[in-house]
Structures are given as C-alpha cells and as structure tokens.
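Architecture and fold: a report
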Amino acid sequence: MSTSYAPPVQRLITELCKLPGIGNRTAQRLAFHILRASQEDGAALAQAVMEVKEKIGLCEVCFNLTDEPRCRICTDPRRDHGVICVVEEPSDVIPMERMHEYDGVYHVLGGALSPIEGVDPEDLKIAELLARVSAPTAAGAGATPVREVVLATNPTTTGEATALHIAQELRGRAPEIAVTRLASGLPVGSDLEYADEVTLGKAFAGRRAL
Ligand SMILES: [Zn+2]
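Residues numbered from 1 in each chain as written. Predicted model: local features only at pLDDT ≥ 70, side-chain atom pairs only at ≥ 80, totals over all residues. Heavy atoms only, no water.

Attention shifts here to the side chain of Arg181. One can find Arg181 in strand S6 (residues 178-181). At 2.9 Å, the side chain of Arg181 and the backbone oxygen of Leu151 are in polar contact. There is a polar contact of 3.2 Å between the side chain of Arg181 and the side chain of Glu160. Dropping the residues within four chain positions of it, Arg181 is found in contact with Leu151, Ala152, Thr153, Asn154, Pro155, Gly159, Glu160, Ala163, Arg207, Arg208 and Leu210. (Helix = DSSP H or I, 4+ residues; strand = E, 2+ residues; numbered from the N terminus. Polar contact = N/O pair within 3.5 Å; in protein donor to acceptor, adjacent residues only side chain to side chain. Contact = heavy atoms within 4.5 Å.)

Take a look at the structure:
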C-alpha cells in the first residue's frame, strides 16, 4: 500500500490494523481520531496500552489475567474452591461471572486442541489442571479438595475435542471427581464469550456428566 502519510501516521495505522476486526479504512479513521484528540487523551491511550503490557500477567493458579501473582477469584475465600470451571480464554471468564450463578473457581487453558493448527495438549494448561485436581494443597494452605470440574470450553469442534480429552484424563487420574459439561443450548460453533447470561445460565444449570 503506497500512501502519502507521514511515517509516524503510517506506523500508527499499521499498528491499528493488527487489532481484530480493524481493516485499513477503520484504522485510518481511528488514526485521524487520535491525531485530532488532545495531547492528554493521546498520552492516556498510549499509557493504558503500556500499563496492561507491563502489569498484567497470568494467575499462577488458574492462568486468568491478573496484576498480582494470584487473581482475585483464586484469592477470594468466599469462592467455592472445590469446583473448577475450565474455559479456553481469559475472556470466557467474563460471561461466566456475569451470569452470577457460578461461585467456584476457574482454570484457563489458553486455547483449544486443534491438530490442524498444531495445538497439542502440551500447548495448553492441561497438565497444570491435572496437577491442581490431584494435589489440591498445591493451590494453597487449607485448600478445598476438588469435587467437580465443569468443562466450559466453546461449543465448537475444537472445544468439544478439548472437553473430551480432559474428561478422559480426569477419569484416569481422579475418578472420584465429577466431570460435567455445559448443557447444549449454546449456539453450536459459537464462542462462550458472546453468549448472553440467560442462555449461559441455563447451560450451566443443566450441565451434564461426561
Ligand atoms: Zn487465579
């Protein structure tokens, strides 16, 4: 793409283009919006981007996003540490929390199994989940033994394959733990991230044993 933009403007457009759902035209519009914005607003945006990259990491227990070694959910004594909800991405924790029916803790895999895309079990936090389930004391002093693992991976081919793989591993290692899967009712092929809380609430309430 040849343009007559000054290099700094072109650089901003190029970076904005890397964001999901942002095409070249939108990137140009956003860049011009930023150029028109006050010095303070421009600096605040840049600062906010820098700050999340510097301060936000993954929880050492559940791999959700956090600015502390352990996230707020893992350190909350009011949460039921005997139930672990397994999701693909940190963004999937948000709809689960929004439905206000789940008071257990989470485990974020960091993706889903996909032989085509070369995502194998060791690329996800599956070993960490199995370790958490078989040695609950590793999660902290006075930790509650895990009673149930709710598999809330997306209702997609890769999400289903991931749920089945984990269910098999859990059955082999910890047969006493109930392994459940969110009920159908979630739109097939969609992401948990986009489920509304009523649909997700029903899917959670109707979860079945795997
Ligand atoms: Zn955590």
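Taken together, the side chains of Val52, Ile56, Leu58 and Leu65 present a nonpolar region at the surface, about 340 Å² in accessible area. Tracing the sequence through the fold places Leu58 in strand S1 (residues 57-58). (Patch = residues over 30% accessible without salt bridge, like charges linked within 9 Å, V, L, I, M, F, W, Y side chains within 5 Å. Areas by Shrake-Rupley, 256 points an atom, 1.4 Å probe, with all protein chains shown as cover. Salt bridge = Lys/Arg side-chain N within 4 Å of Asp/Glu carboxyl O.)

Side chains bearing opposite charge may pair, as long as their charged atoms lie close to each other. For the coordinates displayed, the defined rule picks out ten salt bridges. One salt bridge connects Glu169 with Arg173, and the closest N-O pair in it is separated by 3.7 Å. Of this pair, Glu169 and Arg173 are both found in helix H6 (residues 157-173), four residues apart, which corresponds to roughly one turn of the helix.

Within the open sheet, the five strands sit side by side as S4-S3-S5-S6-S7. Their pairing is mixed. Pairing within the sheet leaves two strands with one partner each, and these edge strands are strand S4 (104-108) and strand S7 (208-209). Helix-sheet contacts for H6 involve strand S3 (80-87), strand S5 (148-151) and S6, and the interaxial angle to S6 is about 170°. (Pairing = 2+ DSSP bridges. Axes fitted to C-alpha atoms, helices over the stretch in contact; angles between N-to-C directions.)

Here the focus is the environment of Glu54. Here Glu54 is to be found in helix H3 (residues 39-55). Spatially, the C-alpha atom of Glu54 lies 18 Å from that of Glu15, the residues being 39 residues apart in sequence.

Mapped onto the elements of the fold, Cys71 is located in the loop between strand S2 (65-66) and S3. Put simply, Cys71 and Gly57 are 14 residues apart on the chain and 9.6 Å apart in space, counted from C-alpha to C-alpha. Contacts of Cys71, omitting those with residues within four sequence positions, involve Cys59, Cys62, Leu65 and Thr66.

Coordination angles at a metal have ideal targets, namely 109.5 degrees for four tetrahedral donors and 90 or 180 degrees for six octahedral donors. Surrounding the zinc ion are the protein donor atoms Cys59 (SG), Cys62 (SG), Cys71 (SG) and Cys74 (SG), which sit 2.3 Å from the metal. Classification of the site at the zinc ion rests on its four donor atoms, whose angles at the metal span 104 to 119°, yielding the label tetrahedral. Linear spacing of the donor residues for the zinc ion on their chain is C-x2-C-x8-C-x2-C. There is no split in this pair, since Cys62 and Cys71 are both buried. (Donors = N, O, S within 2.8 Å, 3.2 Å for Na, K, Ca; no water. Tetrahedral: all angles 85-135°; square planar, octahedral: opposite > 155°, others 65-115°. Buried < 20%, exposed > 50% of the residue type's maximum accessible area, 1.4 Å probe, protein only.)

In this section: the pairing of S3. As a general feature of sheets, a regular strand has side chains that alternate between the two faces. S3 sits mainly inside the fold: seven of its eight residues count as buried. Inspection of the sheet shows S3 paired to S4 by five bridges, in the parallel sense. Paired with Cys85 across the two strands is Tyr106, which belongs to S4. For the crossover from S3 across helix H4 (residues 93-98) to S4, the handedness is right-handed. Taken together, the four bridges between S3 and S5 define a ladder with parallel strand orientation. (Right-handed = clockwise from strand over helix to strand, strands pointing away.)

Before going further, it helps to spend a moment on the nonpolar core. Residues Met96 and Val133 are the most contacted members of the largest nonpolar core, which totals 44 residues. No other element matches S3, which puts five residues into this core. Apart from residues no more than four positions distant in its own chain, Met96 is found in contact with Cys85, Tyr102, Tyr106, Leu192, Leu200 and Phe204. With six residues, the next largest nonpolar core counts Val9, Ile13, Ile22 and Ala27 among its residues. (Core = buried A, V, L, I, M, F, W, Y, C linked by side-chain atoms within 4.5 Å.)

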